[in-house]
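# Fold and geometry: a report
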Protein chains: 2
Amino acid sequence: MVFELNEIKTREKGLSLINHKITNYGMNSLIDLTGLAGGFDITSEDITMLETYAGPAVFDEKIQQLGKEHLGGEKILPLNRTTSGIAAMIIALVKPGTKIVHYLPEKPGHPSIPRTAELIGAEYVEYSNLDEFTIDDNTSLVVITGTTMDYEIISIEDFEYVINKAHEKDITVFVDDASGARLRRAIYDQPTAIDLGADLSVTSTDKLMEGPRGGLMAGSAKLIDEIKLVVNQYGWEAQAPLVAGMIKGLEKYSPERIQEAFKQKDELYKMLISQGVDARKTPTGFMFKEEDIKNELEKRGMTIDLPTDLLATIYSMLLLSMYSIITIPAVGMPGASKTIRIDWSSKDSSKLSMDDLIFAIMDTFDHVIEVILEGEIEETLYLED
Amino acid sequence: MVFELNEIKTREKGLSLINHKITNYGMNSLIDLTGLAGGFDITSEDITMLETYAGPAVFDEKIQQLGKEHLGGEKILPLNRTTSGIAAMIIALVKPGTKIVHYLPEKPGHPSIPRTAELIGAEYVEYSNLDEFTIDDNTSLVVITGTTMDYEIISIEDFEYVINKAHEKDITVFVDDASGARLRRAIYDQPTAIDLGADLSVTSTDKLMEGPRGGLMAGSAKLIDEIKLVVNQYGWEAQAPLVAGMIKGLEKYSPERIQEAFKQKDELYKMLISQGVDARKTPTGFMFKEEDIKNELEKRGMTIDLPTDLLATIYSMLLLSMYSIITIPAVGMPGASKTIRIDWSSKDSSKLSMDDLIFAIMDTFDHVIEVILEGEIEETLYLED
């Protein structure tokens, strides 16, 4: 039997597990270690402002100020999602038949970029090696991704090299700085993308900060106005309550907490190694890629003939159902990475000890094997019809 | 001197006026008669639920139930905006080179439909006359708009005629029922679009109900899943706080209030006529189209050589700055209709008497003339640089 992962159905199952836990054990029973905190820490005073035409007026002023402090640039555009902003940016700036060139530390880039390129009929090419990097005359946009999903970053020198190459040809440079806007700055002491010379940058307000899922774009007033027009035309802007949550997230943002987790992750990592588990370090925790999950299972004596994305999703679903620990594969959007990422800078890491976490991680590997042996994969991943 | 309206800048001015009024005189000083109430009437209990991964799980179940009661269908898709849902629906269902056929009571249709058709390289044609209406074999989607911006509606017979014509050729029928999902039902006693046989329908949760700006789409589970995939891929879904607001809006929805306003509008209309003003009736109030504003100004003895969209926007901006009455042209998204629409079913209509409203309407015409005569158009429409 061939299993092909239905990601819409796994997400529905994951969300249903969460719903069940909240209903029966309360919000505090959940441990969100995704690092995508997603807070809407807004007051009742904020709520009275949340009227369609009144809210934006009040919140726009604050988000402009806080966003510019965080990202640089002349003007800020709050977005329903980083992804919706990337789509609008490409529609606004890239003509059909021209080329988007993407430099990133590790392929592949975020799927929204090639997807939107294809939608409008633009070419798309990725480089992760600067020796091969070329910008031909038909290029209308250069994209740089500042960090990988695994929190590797590119150096200031590489940033500047790509930006200069693009600007020599008068090509706009856009930086996808989803988590980088904080990681690069708090941990690696780099400047903002705009201060490095980029024309535009976007960040996710739920990555390494306690804002809601959403995006903030920064750049010159002229470029932001062009993109804002597309965003408004298609309905992709962040609405007032999202902007209110972003404001609170930016106000509470703490580089120190990221720095603290950055230190503690070494200890966590040692504990895993002492248990014989090969995890990968991240700046604020550790992770297992799809293939790592398979390797750990095979270490336990199994030969497994199942796709790695399926295995990682089963692992994530069981970690949620048994230990109430939320990781992305069980609840992420279709196409999201299947990496199991434990972010120790998450607010919820205070809900359990390092020992508790290591126990849950180990025990869940055993349960994945049980599910496979007993033929319970579908029951584990999907809701009953 | 030629004035070309900069709608991004007028919206910024309008929102800034609102911000100023809230800061100095409080939320209650504003009178929102747009009929786009935009409530986020959520409790502090709701707020604790508003976490990225937890919120959707809790709210999804409720919105599915309430949405299906309101719209029919098997499954509901909550959207950041009606417009973002229309874009996703077209991307999911329409192949480049095929044709979208739109039947609507009055041209032109909502700009998002031809805009997205152009984006993906599809043909687009509109019919407002059923005698001319034809669906050729290359057609991949039939769109019906249930009501005009002016609240005219199409008959059940015309609905069924178009749906049957499309279904004879196995073509999917999508109904843009932005306000129609309530207007058609509460005032004209029509069935839901789905019950009329349509495959999909979408409604705006801020039109004739007190929900936030946002959209709800309904249809078969299969079609909704296809569209939901595109929505998630591009980041166009309604996030948890929006869904929470939609739930409250649907719970509070009152067909009776629409019916009441429908009766009172006759009285308002008579008062305007007795003052010599030619307004147009709407089911729940009255309106002036761009050209009506010009006519009223010329009745006052002026010959005006300015575009009508500019005149309507000046009128709307002055109604806001002097009487705190919010209408769309001063604060709407770029491309929004420049019709001055007074919706007496708005919650805020309780903040003023019919006499107060008529006085404000009349006085604002005089002030538009003043602004033109004194060359203060730019100061009125835009923020100072």
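Residues numbered from 1 in each chain as written. Chains lettered and ligands numbered in written order. Predicted model: local features only at pLDDT ≥ 70, side-chain atom pairs only at ≥ 80, totals over all residues. Heavy atoms only, no water.

Take the packing of aromatic side chains next. Enumeration according to the criterion identifies 16 aromatic pairs over all chains in this entry. Ring geometry for F288 of chain A against F365 of chain A: centres 5.4 Å apart, planes inclined by 85°, an arrangement best described as edge-to-face. Placement of the pair is F288 of chain A in strand β10 (residues 285-288) and F365 of chain A in helix α14 (residues 354-373), with a sequence separation of 77 residues. Its relative accessible area of 0% is what places F288 of chain A among the buried residues. What makes F365 of chain A buried here is its relative accessible area of 0%. Arranged with centres 6.0 Å apart and planes meeting at 75°, the rings of Y103 of chain B and F133 of chain B form a pair that is edge-to-face. In this pair, Y103 of chain B is assigned in strand β3 (residues 99-103) and F133 of chain B in the loop between β4 (123-127) and β5 (139-145), connecting sequence segments 30 residues apart. Here the two residues Y103 of chain B and F133 of chain B agree in accessibility, since each one is buried. Geometry around Y382 of chain A places K9 of chain A over its ring, the cationic atom sitting 4.8 Å from the centre. (Phe/Tyr/Trp six-rings, centres within 6.5 Å; stacked < 30°, edge-to-face > 60°. Helix = DSSP H or I, 4+ residues; strand = E, 2+ residues; numbered from the N terminus. Buried < 20%, exposed > 50% of the residue type's maximum accessible area, 1.4 Å probe, protein only. Lys NZ or Arg CZ within 6 Å of the ring centre and 35° of its normal.)

To continue, consider the sheet that holds strand β9 (residues 280-282) of chain A. Residue and element names in this part refer to chain A. Pairing is antiparallel in the open sheet, where 3 strands are placed in the order β9-β10-β12. The open sheet has two edge strands with one neighbour each: β9 and β12 (340-343). Pairs of neighbouring strands in the sheet enclose a mean axial angle of 25°, with direction left out of account. In terms of strand pairing, β9 meets β10 through 3 bridges, oriented antiparallel. Looking at β10, one finds that K281 is bridged to F286. Helix α10 (residues 255-274) rests against β9 and β10 of the sheet, and its axis sits at about 170° to β9. Sheet contacts for helix α11 (residues 290-299): β9, β10 and β12; angle to β10, the most-contacted strand, approximately 75°. (Pairing = 2+ DSSP bridges. Axes fitted to C-alpha atoms, helices over the stretch in contact; angles between N-to-C directions. Contact = heavy atoms within 4.5 Å.)

A separate point is helix α6 (residues 156-168) of chain A. All names here are of chain A. Between its terminal C-alpha atoms α6 stretches 18 Å, which fits the 18 Å expected from 13 residues at 1.5 Å a residue. The complete set of buried residues in α6 reads F159, V162, I163 and A166. Taken end-on, α6 shows its buried residues confined to a sector of 95°, consistent with a single buried face. Exposed residues lying more than 90 degrees from the buried face of α6 are E157 and E168. Of the surrounding secondary structure, the elements contacted by the buried residues of α6 are β3 (99-103), β5 (139-145), β6 (172-176) and α7 (180-186). Where α6 ends, the next residue or the one after it, D170, has phi of about 60°, a positive value. (Expected span 1.5 Å × (residues − 1). Arc of directions from axis to C-beta.)

A few words now on the confidence of the model for chain A. Per-residue confidence for chain A gives a mean pLDDT of 90; residues scoring 70 or more make up 93%. ipTM for the predicted complex: 0.75, alongside a pTM of 0.77. (pLDDT = per-residue confidence, 0-100.)

Residue and element names in this part refer to chain A. Among all positions of helix α5 (residues 112-120), only S112, I113, T116, A117, L119 and I120 are buried. Viewed end-on, α5 has its buried residues packed into an arc of 160°, placing them on one side of the element. Residue G121 follows α5 closely and has a positive phi angle near 80°.

Our focus in this paragraph is the side chain of S201 of chain B. Within the secondary structure, S201 of chain B is located in strand β7 (residues 200-204). The residues contacting S201 of chain B, other than those within four sequence positions of it, are L71, F174, V175, A193, I194, L216, M217 and A218 of chain B.

A separate point is the pattern of salt bridges. Pairing between side chains of opposite charge can happen when their charged atoms approach one another. Going through the model one piece at a time under the given rule, you end up with 44 salt bridges over all chains. Ionic pairing is found between D225 of chain A and K75 of chain A, a salt bridge with its closest N-O pair at 2.7 Å. You can see D225 of chain A sitting in helix α8 (residues 221-234) and its partner K75 of chain A sitting in strand β2 (residues 75-79), a full 150 residues away along the chain. On the accessibility criterion, D225 of chain A (26% relative accessible area) is partly exposed. Assessed through its relative accessible area of 12%, K75 of chain A is described here as buried. D206 of chain B is the salt-bridge partner of R213 of chain B, the closest N and O atoms lying 4.0 Å from each other. A relative accessible area of 10% means that R213 of chain B is categorised as buried. Here D206 of chain B falls in the buried class, since its relative accessible area comes to 5%. (Salt bridge = Lys/Arg side-chain N within 4 Å of Asp/Glu carboxyl O.)

This paragraph deals with the pairing of β5 of chain A. Residues and elements named next belong to chain A. Of all 7 residues in β5, 7 are buried, a share of seventy percent or more. Sheet topology note: the β5/β6 ladder contains 5 bridges and is parallel. Opposite I144, over in β6, you have V175 as the bridge partner.

Turning next to the packing of helix α4 (residues 82-93) of chain A against α5 of chain A. Residues and elements named next belong to chain A. The contact between α4 and α5 brings their axes to 9 Å, and the two run at 35°. The two elements α4 and α5 cross, and the hand of that crossing is right-handed. Contact residues: T83, I86, A87, I90 and I91 in α4; S112, I113, T116 and I120 in α5. (Left-handed = near helix turned anticlockwise from the far one by under 90°.)

Moving on to the packing of helix α1 (residues 7-25) of chain A against helix α12 (residues 308-323) of chain A. In a packed pair of helices, the relevant descriptors are the angle between the two axes and the axis-to-axis distance. All names here are of chain A. As a packed pair, α1 and α12 sit with axes 10 Å apart at the nearest point and diverge in direction by 10°. In terms of axis orientation, α1 runs roughly parallel to α12. Along its contact with α1, which presents T10, K13, G14, L17, I18 and K21, the element α12 presents T313, M317, L320 and S321. A breakdown of the residues in the contact of α1 with α12 according to their chemical character gives 4 nonpolar, 4 polar and 2 charged. (Parallel < 35°, antiparallel > 145°, perpendicular 65-115°, else oblique. Nonpolar A, V, L, I, M, F, W, Y, C, P; charged D, E, K, R; others polar.)

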